[in-house]
Amino acid sequence: MKVSEILSKEFIIAELESSDKESAINELIDLFKNDPRVEDIEKVRNAVLERENIMSTGVGKGFAIPHGKTDAVKEIIAAFGRKKDGIDYDALDGNPVSLIFLLVGKETMISAHIKLLSRISRMMNKDDFRIRLMNAETSDEIMNVFLEEEKSYLEI
């Protein structure tokens with residue numbers, strides 16, 4: 001499974017309106033309000049925010065990967081948001097976060113969930129990839145950055 005198979009431009013926000021961590025996470029989750037793959041949006045919200053309360057998913061270098069597992073989704077879903085000015089996210093390195101990748105997995109798909117988290121982390125750790133995401137102007141351009149980057153990765 002590739003990141004580009006679970007992320008589409010409809011679930012990308014080129015410039016988040018939110019200015020704090022919880023609002024940004026909620027802004028991304030709200031993209032799924034009418035999505036038939038989501039059976040209960042509030043259970044999704046609770047799963048992600050509960051995970052976030054355990055430890056910040058702001059992993060450093062200006063990006064975060066809020067995630068959770070719940071049976072309130074029929075399959076793995078993803079969204080991406082960018083805040084050029086950055087937001088205080090309680091990131092592990094203490095720096096603001098500009099790139100937020102939301103991943104919500106199904107309780108029974110733990111292996112795929114972990115592999116996707118690992119791939120997203122690997123991608124986001126590349127300086128040139130983060131720079132290209134920051135320079136992209138639209139959701140379409142951001143999606144193309146993901147597609148281009150993933151061409152060099154093996155299937156998981």
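Details of the structure are given in the entry above.
This section reports on the structure supplied with the text. (Residues numbered from 1 in each chain as written. Predicted model: local features only at pLDDT ≥ 70, side-chain atom pairs only at ≥ 80, totals over all residues. Heavy atoms only, no water.)

### So, the packing of aromatic side chains
In the structure shown here, the tally under the stated rule is five aromatic pairs. One aromatic cluster is present, formed by Phe80, Phe101, Phe129 and Phe146 through successive ring pairs. Between the NZ or CZ atom of Lys21 and the centre of the ring of Tyr89, over which it lies, the distance is 5.3 Å. (Phe/Tyr/Trp six-rings, centres within 6.5 Å; stacked < 30°, edge-to-face > 60°. Lys NZ or Arg CZ within 6 Å of the ring centre and 35° of its normal.)

### Remarks on the pairing of strand β5 (residues 77-87)
With nine of eleven residues buried, β5 lies mostly within the body of the structure. Strand direction decides the pairing type here: β5 and strand β6 (residues 97-105), joined by seven bridges, are antiparallel. Looking at the pairing, Gly81 lines up with Ile100 of β6. (Buried < 20%, exposed > 50% of the residue type's maximum accessible area, 1.4 Å probe, protein only. Helix = DSSP H or I, 4+ residues; strand = E, 2+ residues; numbered from the N terminus. Pairing = 2+ DSSP bridges.)

### Overview of the side chain of Thr57
Turning to its location among the elements, Thr57 is positioned in the loop between α3 (41-54) and β2 (58-60). At 2.5 Å, the side chain of Thr57 forms a polar contact with the side chain of Glu52. (Polar contact = N/O pair within 3.5 Å; in protein donor to acceptor, adjacent residues only side chain to side chain.)

### A look at helix α2 (residues 21-29)
Owing to its 3.6 residues per turn, the α-helix brings residues three or four apart onto one side. With seven of nine residues buried, α2 is to be regarded as a mostly interior element. In the core, the buried residues of α2 are packed alongside β1 (12-13), α3, β5 and β6. Backbone nitrogen of Glu22 and a side-chain oxygen of the N-cap are separated by 3.3 Å at the start of α2; the cap is Asp20. (Contact = heavy atoms within 4.5 Å.)

### A word on a nonpolar patch on the surface
The grouping of Ile54, Met55, Val59 and Leu92 at the surface amounts to a nonpolar patch, some 420 Å² of accessible area in total. Mapped onto the secondary structure, Leu92 falls in the loop between β5 and β6. (Patch = residues over 30% accessible without salt bridge, like charges linked within 9 Å, V, L, I, M, F, W, Y side chains within 5 Å. Areas by Shrake-Rupley, 256 points an atom, 1.4 Å probe, with all protein chains shown as cover. Salt bridge = Lys/Arg side-chain N within 4 Å of Asp/Glu carboxyl O.)

### Considering unusual backbone geometry
Even without being glycine, Lys61 reaches a positive phi, approximately 60°. Within the element layout of this structure, Lys61 appears in the loop between β2 and β3 (63-64). With relative accessibility at 46%, the residue Lys61 sits in the partly exposed group. Positive phi, close to 55°, is recorded for Asp90, a residue that is not glycine. Judged by its relative accessible area of 52%, Asp90 falls in the exposed class.

### Let's talk about the packing of α2 against α3
Direction vectors running N to C along α2 and α3 enclose 145°, while the axes themselves pass 11 Å from each other. Two packed elements cross with a definite hand, and for α2 against α3 that hand is right-handed. On α3, the residues touching Lys21, Glu22, Ile25, Asn26 and Ile29 of α2 are Ile41, Val44, Arg45, Val48, Leu49 and Glu52. Considering only residue class, the contact of α2 with α3 consists of six nonpolar, one polar and four charged. (Axes fitted to C-alpha atoms, helices over the stretch in contact; angles between N-to-C directions. Left-handed = near helix turned anticlockwise from the far one by under 90°. Nonpolar A, V, L, I, M, F, W, Y, C, P; charged D, E, K, R; others polar.)

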